[in-house]
Each structure stands twice: as structure tokens, then as C-alpha cells.
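Remarks on the overall topology
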Amino acid sequence: METLIIILAGVLVAVATYLILSKHILRIILGTAILSHAVHLLLMTMGGLKRGSTPILAENKVAYTDALPQALILTAIVISFAVTAFILVLAYRLYRKTGSDNLDALRGMDDE
Amino acid sequence: MMNNVLVFPMVLPVLTGILLIFLRPYIRLQRWLSMLSVLGTGAMSIILLQRVQASGILTIDIGGWQPPFGILFVGDSFALLLVLTASIVTAVCLLYAFSTIGPAHEQMHVYAFIQFLLAGVNGSFLTGDLFNLFVCFEVMLLASYILASLGGKRKQLRESLKYVIINILSSWIFLVAIAYLYGAVGTLNMAHLSERIAESGQTPLLTTISMLFLIVFSLKAGLVLYFWLPGTYSAPPTAIAALFGALLTKVGVYAMFRVFTLLFYHEPSITHTWIGIMAAITLIGGSIGAISSKDVRVIVSYNVVIAVGFMMVGLAAATSAALEGSIYYLIHDMLVKALLFLLAGTMIALTGKSKFNEMSGLIRNYPLLGWLFFIGMLSLAGIPPFSGFIGKVLIGKGTIEAGTYILLALAFVSSILVLYSLLRVFRNAFWGETVISLEEEKPLKKSWLVPSVLLAIGTIVLGLGVEVLAPYVQDAANVLLQPKLYIDAVFQSK
């Protein structure tokens with residue numbers, strides 16, 4: 001199961017890399033969103049997938065799932081949500097200002 | 001229990017920031033509150049520094065969870081010195097912002113986000129947990145994204161888009177590195193990590209993971225991977241740019257010091273050699289950038305890059321003198337970079353031009369501004385009465401002890417190039433024929449100069465008052481050199 005999830009994470013990274021290397025801002029943003037999903041899967045797998053019972057202290061329970069990665073992922077999801085929301089607004093403002101979402105059209109320095 | 005004060009440098013700005021959002025129409029009150037919060041943070045860090053000096057490293061286990069399990073804050077001299085400096089610099093930048101940033105920014109919560117930025121910076125300095133470091137980084141970065149793009153000029157939006165994407169990628173690598181490290185050693189508490197890595201003797205796998213951290217912090221600090229930096233730092237309003245130049249890269253530098261002295265210090269022939277190589281490339285690249293540009297703000301931004309390379313020379317040498325030197329230099333650089341950004345911004349605001357070859361003879365119009373720039377320049381080049389000197393001497397001594405003569409040569413050649421790059425600005429912009437006649441001269445408001453004067457006094461005081469600061473810096477370097485002190489402090493409190 002771990003191997004499968006890791007392969008899935010790898011596929012997601014490949015997809016995200018492809019998207020990030022394109023010229024359209026929207027695709028890049030989608031790429032970063034997929035990238036964060038990939039790392040969340042990686043975090044989860046690194047703590048070991050489900051084995052044993054829920055991590056609640058009780059008698060007769062020896063093996064339990066590591067709860068820490070879940071907490072880490074929860075935090076990371078919130079952060080990537082906030083960042084994605086912000087960058088979408090930023091891209092929209094940039095589009096309104098320049099009328100383009102193509103990175104080539106945004107090249108050039110000192111044009112003000 | 002008195003250790004609870006340790007959360008103040010992060011919690012106070014967060015709470016103030018939240019409060020400021022609700023006080024949107026009351027600009028004057030916002031100014032007062034934000035200034036009070038920053039000064040309070042600074043005062044708190046002085047108290048904490050004294051306490052560290054008296055009774056050793058402070059820790060607080062948040063929520064009462066015992067060390068390896070919960071998140072904790074660890075205040076050692078290194079972290080608290082930086083918290084103090086960050087508070088001072090933020091206070092001065094706020095002062096500059098009050099008179100320059102304009103109502104549009106003030107009504108759009110600029111002060112609240114400066115508070116959040118400071119909270120993230122202080123949190124990064126104080127945290128004792130690697131994942132919490134990531135979270136504090138993100139708090140700081142989100143605030144910086146907003147501060148960078150606030151105002152919505154075309155150039156600002158374009159540069160902040162690049163900045164955001166670069167940082168999303170580097171945060172992603174950070175998470176990947178954390179995931180691998182957790183998979184490899186099963187903990188994220190820094191003291192616990194340090195123990196476990198020491199037990200395993202830093203296996204090649206762990207060294208590989210450490211290189212991932214090196215890449216992450218290089219992106220944040222602008223070590224080799226600084227291509228995003230000059231653009232981002234030259235787009236926002238001056239007060240914000242000064243804050244960025246003084247604080248943001250330094251947090252990356254701090255994280256690099258922490259990680260490579262506390263966690264991954266067993267294979268210096270690999271990690272520290274790479275840090276040395278990267279520092280050398282940064283020094284060369286930054287110097288070329290600083291000399292090749294004519295735009296004052298870009299020159300100052302490249303000086304940030306050179307300083308990062310310089311501090312990393314200290315980390316690469318990793319002797320006690322070199323680390324002490326780096327800590328001095330870190331504090332000095334936060335003050336002087338803020339000063340230079342403020343002066344460059346003031347020059348551009350007064351002349352309406354951003355290239356130094358379009359300015360001339362400003363010293364006649366604005367003598368004080370010229371002399372402040374001169375002080376900043378000398379301080380950055382490391383001329384004795386000012387604060388850059390002691391850091392440079394100690395780093396030089398450290399590299400000689402470590403026998404890394406190439407780094408030594410590069411570090412000091414780069415100092416000369418720093419001097420040259422700023423001297424070019426000084427010679428062209430302040431000397432020469434005065435082109436602005438007295439009638440068309442824009443009046444220089446006192447409130448524009450006061451922050452720079454404060455910072456210039458700061459660099460002189462820091463230069464002359466090294467003796468006062470010495471015990472704190474020695475203590476800080478001591479903890480960096482002996483990870484055991486840090487580990488014991490975290491685990492003994494029980």
C-alpha cells in the first residue's frame with residue numbers, strides 16, 4: 001500500500017511539474033495546488049499508513065496509527081489553501097492590470 | 001512558570017495584528033498600537049536575554065506536553081538577540097512608514113500585516129520544532145506576499161507573483177525534507193532530532209536530507225538561489241522594502257545556522273563544504289550584480305545577497321570565532337540594510353529618479369542624507385568605528401583558523417566591492433554638480449530622516465558597544481558549538 005501511494009505522489013509531482021513549466025499563470029497555480037497534494041500524500045506515507053487501531057490510549061491496544069503526520073497534513077493543507085487563495089487573487093489582479101495571463105507578455109523590466 | 005513570557009514575541013504581534021484589522025478607520029490608533037506592540041516585543045526580548053544570561057536557555061512546552069511530543073519554544077541568546085534586533089528594525093521601519101506610506105496603504109491594513117510579519121519572524125527564531133518552523137515561515141511569507149503586492153502597481157504585482165511562486169516551491173521542498181526526516185528518524189523536535197541523528201552518526205541518507213534543507217534555506221536566504229531577490233525587494237514601497245531587506249533573508253540565514261549546527265553537524269566535509277562553495281558563488285554573483293546595476297535599489301538589494309554570502313562563510317568555517325563573527329554580522333546587517341533601503345528610498349522619493357547617474361550633487365541640497373549614506377557605506381564595508389568591523393574581523397579570524405583561505409580572500413575582496421558599489425552611488429549622486437536648484441528642491445521632511453538617523457546611531461552604538469554585547473554573543477556561539485547545551489535545556493525542565 002505504501003508503495004502505491006508513493007507512486008501516486010510521484011505521478012502527481014510529474015503532472016505538477018509539467019503544469020508549472022507552462023506559460024499560463026492559471027496552469028502554474030493548478031500545478032502548485034497539485035504539488036501540495038503530492039507532498040501531503042508523502043507526509044502521510046512517511047508516518048506509515050494505517051496499522052493497528054486508533055491512537056487513543058486504552059488497555060489492550062499495542063499497535064496504533066501514528067497520529068502526528070495527520071496533524072502535520074492538516075496544518076499543511078490549511079496553509080496551502082491560504083496560499084492558493086492568495087495567489088489566485090494576485091493572478092486575477094495581474095490579469096486585470098495587464099490583460100494577459102501569459103508569462104511571456106509580462107516580461108521586461110523598468111517599464112514604469 | 002516565568003518562562004511563559006517566552007511566547008510574547010510571537011503572541012503579542014499576532015494579537016495586535018488581529019486587533020488592528022478591526023480598527024481599520026482609526027489610523028492614528030493603529031499607529032500607536034503597532035508601535036507599542038513592537039516596542040513591547042523589544043523590551044520583552046531584553047528581559048529574556050538577561051534571564052538567559054542569568055539562568056541558561058529558556059524553554060516553554062506549549063500546552064504542557066513534554067518535550068519530544070509537544071511543540072515548544074526555545075529561547076537561547078542567538079534567537080533572542082535576533083528577536084531584539086528584528087523588533088528594533090521593525091520599530092524604525094514603522095516610524096518611516098508613518099510619514100511615507102500614504103493613506104491608501106494605511107487603510108488596507110498595512111500595519112496589521114507588518115505585525116503578522118514580525119510574528120512569523122519571531123516565531124521562526126524561537127521555535128524548537130522543525131514543523132513549527134515551517135508554519136512560522138509560512139506566517140511570515142503570507143504576510144510578506146501581501147505586503148509585497150499591496151498597492152497593486154504593475155511592477156509590484158509582477159514581481160510578487162514571481163516571489164510567491166518561488167516561495168511556494170521552496171516551501172514544498174521544505175515539506176518534502178520534513179517528511180523524509182520524519183520517515184527516517186521519527187521525530188521533529190529539534191533537540192530530539194539532534195540526539196537521534198547523533199546516535200545514528202548521520203547516515204548518508206540523513207546527509208542527503210540535510211542537502212534538501214540546504215536548498216530550502218538557500219532559496220529563503222538568497223544563498224546562490226537569489227535570482228528572485230533584487231526584483232522583489234525593489235518593487236514595494238520603501239518602508240516595506242527595508243523591512244524585507246532587513247528581516248526576510250535573515251530568517252533563512254538563522255534557520256541555516258540552527259539546522260547545520262544543531263542537527264547536521266557530523267559530516268562537515270560534505271555539508272559545510274557545500275555551504276562554503278555556495279557562499280563563494282553568492283559572494284561573486286552578488287558583487288557582480290551590485291557593480292553591474294545603476295539602479296540604487298537594485299544595488300542595495302544585491303548588497304543583501306553579498307551579506308548572506310558573507311555570513312555563510314562564517315558558518316562554513318564553523319569555528320567559535322567565525323560563528324561569533326557571523327552573529328555580530330547578522331545583527332549589524334539587519335540594522336544597516338534597513339538603513340540603506342530607507343536612504344535609497346528617500347533619495348528616489350526626493351529626486352524622482354532611481355538610477356544614480358541621473359542624480360547629482362545631492363549633498364548640497366540634503367547634506368544630512370549624504371552623510372548618513374556615507375556612514376551606512378562605511379559600516380557595510382567594515383570600517384572600524386562602525387558595527388560591520390567586529391563581525392568581519394572575527395569571520396576573518398575564523399576562516400584562518402579553519403584554513404579556508406579561498407573563502408577568506410573572497411569575503412574580503414567582496415567587502416571592497418561592496419564599498420566600490422556604494423561609493424559609485426555616493427560619488428555620482430551626492431558629489432558632482434548640483435542639478436536641483438534651491439527653488440525646485442523638494443523639502444526633505446524631518447520625519448523622513450529621523451528613522452535613518454536612529455539606525456545610523458544604532459550602527460555606531462553597536463560598533464562602539466561591542467563589549468556590552470560580547471557576553472550575549474559568546475553565549476549564543478557557545479550554544480551553536482555545543483548542541484548538548486540546547487538538548488539538555490529542552491529535556492531538563494521536567
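Structure report, in brief. (Residues numbered from 1 in each chain as written. Chains lettered and ligands numbered in written order. Predicted model: local features only at pLDDT ≥ 70, side-chain atom pairs only at ≥ 80, totals over all residues. Heavy atoms only, no water.)

Examining the overall build of chain B
- Helix and strand counts for chain B stand at 21 helices and two strands.
- Against the compact-globule benchmark of 23 Å for 494 residues, chain B has a radius of gyration of 22 Å, which places it among compact chains.
- Projecting the C-alpha coordinates of chain B onto the three principal axes gives extents of approximately 70 × 55 × 40 Å.
- Counting only residues that meet the buried cut, chain B has 65% of its 494 residues in that class.
- Counted over contacts in chain B with a minimum sequence separation of 6, partners at least 24 positions apart contribute 82%.
- Accessible area of chain B: about 16700 Å², with a carbon and sulfur share of 69%.
- For chain B, the separation between the mean place of its 28 positive charges and that of its 21 negative charges on side chains is 10 Å. (Helix = DSSP H or I, 4+ residues; strand = E, 2+ residues; numbered from the N terminus. Rg over C-alpha atoms; globule rule 2.2 N^0.38 Å. Buried < 20%, exposed > 50% of the residue type's maximum accessible area, 1.4 Å probe, protein only. Contact = heavy atoms within 4.5 Å. Areas by Shrake-Rupley, 256 points an atom, 1.4 Å probe, with all protein chains shown as cover. Lys, Arg positive; Asp, Glu negative; His and termini not counted. Charge placed at Lys NZ, Arg CZ, Asp CG, Glu CD.)

Let's talk about the overall build of chain A
- A count of helical and extended segments in chain A gives three helices and zero strands.
- When the 112 residues of chain A are sorted by exposure, 35% land in the buried category.
- At a minimum sequence separation of 6, the contacts of chain A that also span at least 24 residues come to 55%.
- Surface accessibility of chain A: about 7000 Å² in total, with carbon and sulfur atoms responsible for 67%.

Things to note about the packing of helix α12 (residues 271–292) of chain B against helix α13 (residues 296–317) of chain B
Residues and elements named next belong to chain B.
- Close contact between α12 and α13 brings their axes to 8 Å; oriented N to C, the two are set at 160°. When the axis of α12 is compared with that of α13, the two are roughly antiparallel. Where α12 crosses over α13, the two elements pack in a sense that is left-handed. Here α12 contributes His-272, Ile-275, Gly-276, Ala-279, Thr-282, Leu-283, Gly-286, Ser-287, Gly-289 and Ala-290 to the contact with α13, which in turn contributes Ile-299, Tyr-302, Val-305, Ile-306, Gly-309, Phe-310, Met-312, Val-313, Leu-315 and Ala-316.
- Taken together, the residues that form the contact of α12 with α13 break down as 13 nonpolar, seven polar and no charged. (Axes fitted to C-alpha atoms, helices over the stretch in contact; angles between N-to-C directions. Parallel < 35°, antiparallel > 145°, perpendicular 65-115°, else oblique. Left-handed = near helix turned anticlockwise from the far one by under 90°. Nonpolar A, V, L, I, M, F, W, Y, C, P; charged D, E, K, R; others polar.)

Focus on the interface of chain A and chain B
- Of the residues lining the interface, 36 residues belong to chain A; the matching set on chain B comes to 29 residues.
- The contact between chain A and chain B buries some 3100 Å² in all, and 79% of this surface belongs to carbon and sulfur atoms.
- Joining chain A to chain B, the criterion identifies zero salt bridges.
- Those elements that provide at least two residues to the side of chain A that touches chain B are α1 (2–20), α2 (25–46) and α3 (68–98) of chain A.
- Here the element with the most residues in the side of chain A that touches chain B is α3 of chain A; it accounts for 15 residues.
- Looking at the side of chain A that touches chain B residue by residue, the class counts come to 24 nonpolar, six polar and six charged. (Buried area = accessible area lost by both parts, 1.4 Å probe. Salt bridge = Lys/Arg side-chain N within 4 Å of Asp/Glu carboxyl O.)

Thoughts on the packing of helix α3 (residues 77–100) of chain B against helix α11 (residues 238–263) of chain B
Residue and element names in this part refer to chain B.
- Where α3 meets α11, the axes come as close as 9 Å, and the angle between the chain directions of the two elements is 170°. On the basis of their axis angle, the class for α3 and α11 is roughly antiparallel. Across the interface between the two elements, Phe-78, Ala-79, Leu-82, Ala-86, Val-89, Thr-90, Cys-93, Tyr-96 and Ala-97 from α3 touch Thr-238, Ala-239, Ala-242, Leu-243, Ala-246, Leu-247, Tyr-254, Phe-257 and Arg-258 from α11.
- When grouped by side-chain class, the residues that make up the contact of α3 with α11 number 15 nonpolar, two polar and one charged.

Points about α13 of chain B
All names here are of chain B.
- Its 22 residues give α13 an end-to-end C-alpha distance of 32 Å, which sits within 8% of 32 Å, the value for a rise of 1.5 Å per residue.
- With 22 of its 22 residues buried, α13 lies for the most part within the structure.
- N-cap assignment for α13: the residue whose side-chain oxygen lies 3.0 Å from the backbone N of Arg-297 is Asp-295. (Expected span 1.5 Å × (residues − 1). Polar contact = N/O pair within 3.5 Å; in protein donor to acceptor, adjacent residues only side chain to side chain.)

A short note on the environment of Ile-114 of chain B
- Its place among the elements puts Ile-114 of chain B in helix α5 (residues 110–126).
- Sequence-distant contacts of Ile-114 of chain B, that is, excluding residues within four places in its chain, are made with Thr-90, Leu-94, Leu-147, Ile-240 and Leu-243 of chain B.

Here we look at the environment of Tyr-18 of chain A
- Assignment of secondary structure puts Tyr-18 of chain A in helix α1.
- Sequence separation between Tyr-18 of chain A and Ile-79 of chain A is 61 residues; the distance between their C-alpha atoms is 23 Å.

Quick look at the pattern of salt bridges
All names here are of chain B.
- Applying the stated criterion to the full structure yields eight salt bridges over all chains.
- Its salt-bridge partner being Glu-159, residue Lys-162 comes within 3.4 Å of it at the nearest N-O pair. Here Lys-162 pairs with Glu-159, and both are found in helix α7 (residues 154–185), just three residues apart, close to one helical turn.
- Linked through salt bridges whose partners overlap, the residues forming this network are Arg-158, Glu-159 and Lys-162.

Some words on the nonpolar core
- Grouped together as the largest cluster of nonpolar side chains are 219 residues, with contacts concentrated most on Leu-130, Phe-213 and Phe-217 of chain B.
- Contact partners of Phe-213 of chain B, with chain neighbours within four places excluded, come to Leu-130, Phe-174, Ala-177, Ile-178, Leu-181, Val-259 and Phe-264 of chain B. (Core = buried A, V, L, I, M, F, W, Y, C linked by side-chain atoms within 4.5 Å.)

A look at the pairing of strand β2 (residues 72–75) of chain B
Residue and element names in this part refer to chain B.
- Here β2 shows no split at all, with Leu-72 and Val-74 on one side and Phe-73 and Gly-75 on the other all buried.
- Examined bridge by bridge, strand β1 (residues 58–61) and β2 share four bridges and lie antiparallel to one another. From the neighbouring strand, Thr-59 faces β2, where its bridge partner is Val-74. (Pairing = 2+ DSSP bridges.)

What about the packing of aromatic side chains?
All names here are of chain B.
- If you walk through the whole model with that rule in mind, you get 30 aromatic pairs over all chains.
- On the numbers, 5.1 Å between centres and 75° between planes, the contact of Phe-125 with Tyr-254 is edge-to-face. A residue pair is termed long-range when its members are at least 10 positions apart, and Phe-125 in helix α5 and Tyr-254 in helix α11 qualify at 129 residues.
- Residue classification places Tyr-254 among the buried residues on the basis of a relative accessible area of 1%.
- Centroid distance Phe-131 to Phe-134: 5.5 Å. Interplanar angle 40°. Geometry classified as tilted. Separated by three residues within a single helix, Phe-131 and Phe-134 lie in helix α6 (residues 130–149), roughly one turn from each other.
- Accessibility expressed as a relative area gives 6% for Phe-131, which makes it buried.
- Taking the relative accessible area as the measure of exposure, Phe-134 reaches 3% and is therefore buried. (Phe/Tyr/Trp six-rings, centres within 6.5 Å; stacked < 30°, edge-to-face > 60°.)

Considerations on unusual backbone geometry
Residue and element names in this part refer to chain B.
- Here His-109, not a glycine, exhibits a phi torsion of approximately 65°, which is positive.
- By relative accessible area, which is 15% here, His-109 ends up buried.
- Of note in this structure, Ala-318 is not a glycine but carries a positive phi near 55°.
- Assessed through its relative accessible area of 29%, Ala-318 is described here as partly exposed.

Section: a nonpolar patch on the surface
All names here are of chain B.
- On the surface, a nonpolar cluster with roughly 480 Å² of combined accessible area is contributed by Val-11, Leu-15, Ile-18, Ile-21 and Phe-22.
- The topology assignment puts Phe-22 in helix α1 (residues 8–22).
- On the accessibility criterion, Phe-22 (66% relative accessible area) is exposed. (Patch = residues over 30% accessible without salt bridge, like charges linked within 9 Å, V, L, I, M, F, W, Y side chains within 5 Å.)

Points about the side chain of Asn-132 of chain B
- One can find Asn-132 of chain B in helix α6.
- Apart from residues no more than four positions distant in its own chain, Asn-132 of chain B is found in contact with Ile-71, Phe-73 and Thr-127 of chain B.

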